[in-house]
Structure formats: C-alpha cells, structure tokens
Amino acid sequence: MRDFTLFGFFARMKTGSRCLDLGAGDGRLWNLPVRNKAQVVAIDICESPDIVPAQVQWIHGDLRRGLAGVLFSEERFDFIMCVNLIQFLPRDCALRTLLPSLALYARPGCRLVIETFYNQPHPAFLEPVPSLYRFEELVAALPGWQIENGGEYEADDKGYDGQTRHWSVTDLLAVRI
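(A) Highlighting the overall build of the protein chain. Helix and strand content of the protein chain: four helices and seven strands. Going from N to C terminus, the protein chain has its helices and strands arranged as α-β-α-β-β-β-α-β-α-β-β. A buried classification covers 46% of the 177 residues belonging to the protein chain. By sequence separation, contacts in the protein chain at least 24 residues apart represent 63% of the contacts at least 6 residues apart. Total accessible area on the protein chain stands at roughly 9,200 Å², and carbon and sulfur atoms take up 53% of it.

(B) How the structure looks around the pairing of strand β1 (residues 18-22). Of all five residues in β1, four are buried, a share of seventy percent or more. Where β1 lies against strand β2 (residues 39-44), five bridges are found, and the strand directions are parallel. When the sheet's bridge partners are listed, Asp21 is paired in β2 with Ala42.

(C) How the structure looks around the pattern of salt bridges. Scanning the model with the defined rule gives nine salt bridges in all. Between Arg65 and Asp62 there is a salt bridge, with the nearest N and O atoms lying 3.2 Å from each other. Its salt-bridge partner being Asp92, residue Arg96 comes within 2.6 Å of it at the nearest N-O pair. Of this pair, Arg96 and Asp92 both sit in helix α3 (residues 91-101), four residues apart, roughly one helical turn. What you see here is one network of salt bridges that share partners, running through Asp62, Arg64 and Arg65.

(D) Molecular detail of the pairing of β2. When you tally the buried positions in β2, you get five out of six residues, the bulk of the element. Pairing of β2 with strand β3 (residues 56-60) involves five bridges; the strand directions are parallel. Note that in β3 the partner of Ala42 across the bridge is Trp58.

(E) Here's a closer look at the nonpolar core. Among the nonpolar cores identified, the biggest contains 35 residues, and Ile43, Leu67, Ile80, Ile86 and Trp145 are the most heavily contacted of them. Per element, the largest residue contribution to this core is five residues, and it comes from α3. Not counting residues within four places of it along the chain, the set of residues in contact with Leu67 comprises Leu20, Leu22, Ile43, Leu98, Ser101, Leu102 and Tyr105. Within the second largest apolar cluster, 18 residues are counted, among which are Met13, Ala38, Val56 and Met81.

(F) Just unusual backbone geometry, in detail. One non-glycine residue with positive phi stands out, namely Lys37, at about 65 degrees. Residue placement: Lys37 occurs in the loop between α2 (31-35) and β2. The backbone of Asn84 sits at a positive phi, close to 55 degrees, despite the residue not being glycine. Checked against the element boundaries, Asn84 lands in the loop between β4 (77-83) and α3.

(G) Structural view of the state of the cysteines. Scanning the entire structure with this criterion turns up zero disulfides. In this model Cys19 remains outside any disulfide bridge; the closest cysteine sulfur is found in Cys110, 8.6 Å from its own.

(H) Region of interest: the packing of aromatic side chains. This structure, assessed with the given rule, holds one aromatic pair. Geometrically, the ring pair formed by Trp30 and Trp58 is edge-to-face, given 6.0 Å between the ring centres and 75 degrees between the ring planes. One end of the pair, Trp30, is in the loop between β1 and α2; the other, Trp58, is in strand β3, and 28 residues separate them in sequence. No difference in accessibility class separates Trp30 from Trp58, as the two residues are buried. Here Arg91 stacks its cationic end above the ring of Tyr133, 4.4 Å away from the centre of that ring.

Rules and cut-offs
Counting from 1, residues in each chain are numbered in the order their sequence is written. Local features in a predicted model are, by the rule used here, given only for residues with pLDDT of at least 70; side-chain atom pairs are given and counted only at 80 or more, and totals for whole chains, interfaces and linings are based on all residues. Each side-chain value is derived from all of the structure's non-hydrogen atoms; neither hydrogens nor water enter the calculation. The helix count covers DSSP runs of H or I at least four residues long, the strand count covers runs of E at least two residues long, and both are numbered beginning at the N terminus. Only protein chains enter the accessibility calculation, which uses a 1.4 Å probe. A residue is then buried if its area is under 20% of the maximum for its type, exposed if over 50%, and partly exposed in between. Contacts are residue-level and defined by heavy atoms, with any inter-residue pair within 4.5 Å sufficient. All accessible areas in this document rest on Shrake-Rupley with a 1.4 Å probe, and a residue is counted as covered only by the protein chains that are shown. Only when DSSP finds a minimum of two bridges between them are two strands counted as paired. Here, a salt bridge means any Lys or Arg side-chain nitrogen found within 4 Å of an Asp or Glu carboxyl oxygen. As used here, the term nonpolar core means buried Ala, Val, Leu, Ile, Met, Phe, Trp, Tyr and Cys residues forming a set that is joined through side-chain atoms within 4.5 Å. Here, the term disulfide refers to a pair of cysteine sulfur atoms separated by no more than 2.5 Å. Note on aromatic pairs: the rings of Phe, Tyr and Trp (six-membered ring only in Trp) are paired at centre separations within 6.5 Å, and the planes decide the class, stacked below 30 degrees, edge-to-face beyond 60, tilted for the rest. The rule is short: NZ of Lys or CZ of Arg within 6 Å of the ring centre and within 35 degrees of the ring normal puts a charge over the ring.

In structure tokens, the structure reads:
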C-alpha cells in the first residue's frame, strides 16, 4: 500500500502547501512535495543531507522527546509525513507524546500519513526495532483525526545489499477534523 498511499498523499499538495516530514532521513520523500512547490519542514536526528532544496527547512532534532522544543507551537501544516520513524522511538514516546501532539501542528483538513515497519536496525540507534505497532494502537494515539485508510500487511523486498527481507508493515492515512 505504501507507493499508492504516498503517491495519492503527495498528489494533493499544491503550491504553498506546508508539509512536515518527521524522520526525514536523507530526504528521499522530498521529491514530490518540492516538485509540487510545497514548503517542507524536515526533522531528523541525523545530520542534514549534502543537498537541501531551497523549499526545505532542515531541523536537526531528536523526536524521542516529541515535538516540544523542536517546533514552534504556532507552526501549522497541511500535510504531515511520519514514514519509517516511530518504530525507532520508545513506544511511550510514540504513542503517548509524539502522535497525540500532531494535532497541535495540523491545520483543519491536514492530511497525515504514517508508515512503520518491523525488522531492521537503524544506524542512528544501533539497536533492532523493538516491536511492530498495530493499526489499532496508532488509531488510539490520534484523537481528533479521521482515519481514511490503513492496516497491517506483510511484504518481501530486496535490500540495498540484494538480500530479500521479510517485513511486517503498518500504515495509516488520516485527516485532521
């Protein structure tokens, strides 16, 4: 569901839309928002990529404590991306701090996409992913959002090293009400 969900998500972005990319990593997901002339605020614990487009504001931040202290409280967004991030956060932070706080930064009608997977260590944390988030857990952590789509599925994919890996994936698409 990832490619279809993200393509539809990005297709709704228009010139001047504001997009928050949580766990931006190397910026792979910026291509379509930047092409659609959206303004992107990207936050990640890692250092910024070598090339950051003019439409992207890079913030080096640790989301393990949520968004407080990383974003200004008056910031509002039309789109929020949380792709391949929360599985690297402590469960309590993700479910009780970060996800519930997203509504504070969302304009009415803001679209939210979350994707999380299980079974891959991350170089910034050097530890395996602790567990898979269930769809129901994500929904419960998002008061004030209407869930449009999502679920859990299994997938096999080739990694950068050419080895096939089995993934357990949970994703969700929601709209701020």
